[in-house]
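Chain and residue survey
Given next are the chains, with one letter for each unit.
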Amino acid sequence: LSGMCILIGQGFMSWFAKICGDYSPKWGRKGLTLVALASLTVRCFFLTLLITATEDVKTDAGAMTIKGLILSTQILDSVGAGIFGTMHILVTNDISCRTG
């Protein structure tokens, strides 16, 4: 399960970083940062619900479904990580532009 979390997270993070780099001049840095913060908030909320639901599941099929849903929350984490990683570079470039 943890290996799949890493693979899903890294795969989608690079895709969202590319999207962030392409659309940051159009949508603005603040709007994309808010999207990243919102995605991480929603992910934490879903994980809280799923972890508490894991304790109530009695069947193997239900447990596998919960694990699949936990894996899918990694996509939301990838949104935040990709956007924050790209924004760090873009904002640093904005601050240090033409300073040598």
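First things first, this report covers the structure right here in the doc. Predicted model only: the values in this text are computed from it and were never measured. (Residues numbered from 1 in each chain as written. Predicted model: local features only at pLDDT ≥ 70, side-chain atom pairs only at ≥ 80, totals over all residues. Heavy atoms only, no water.)

Observations concerning the nonpolar core
In globular proteins that are soluble, nonpolar side chains generally tend to be buried together. Residues F16, C20, L32, A36, V79, I83, M87 and L90 constitute the largest nonpolar core, which totals eight residues. Elements with a minimum of two residues in this core: α1 (2–27), α2 (29–56) and α3 (60–95). Ignoring anything within four residues of it in the chain, the contact list for C20 reads L32, I83, T86 and M87. (Core = buried A, V, L, I, M, F, W, Y, C linked by side-chain atoms within 4.5 Å. Buried < 20%, exposed > 50% of the residue type's maximum accessible area, 1.4 Å probe, protein only. Helix = DSSP H or I, 4+ residues; strand = E, 2+ residues; numbered from the N terminus. Contact = heavy atoms within 4.5 Å.)

Brief notes about the pattern of salt bridges
The final tally for this structure, using the stated rule, is two salt bridges. Across the salt bridge formed by D22 and K18, the nearest N and O atoms sit 3.0 Å from each other. Taken together, the residues span about one helical turn, with D22 and K18 both in helix α1 at a distance of four residues. (Salt bridge = Lys/Arg side-chain N within 4 Å of Asp/Glu carboxyl O.)

Quick look at the packing of α1 against α3
In contact at an axis separation of 7 Å, α1 and α3 are set at 45° when each is read in the N-to-C sense. Viewed along their axes, α1 and α3 adopt a mutual orientation that is oblique. In this structure, the crossing between α1 and α3 has a hand that is right-handed. Here M4, C5, I8, G9, F12, M13, F16, A17, C20, G21 and S24 of α1 lie close against α3, whose contacting residues are L71, Q74, I75, S78, V79, A81, G82, I83, T86, M87 and L90. Residue composition of the contact of α1 with α3, by class: 15 nonpolar, seven polar and no charged. (Axes fitted to C-alpha atoms, helices over the stretch in contact; angles between N-to-C directions. Parallel < 35°, antiparallel > 145°, perpendicular 65-115°, else oblique. Left-handed = near helix turned anticlockwise from the far one by under 90°. Nonpolar A, V, L, I, M, F, W, Y, C, P; charged D, E, K, R; others polar.)

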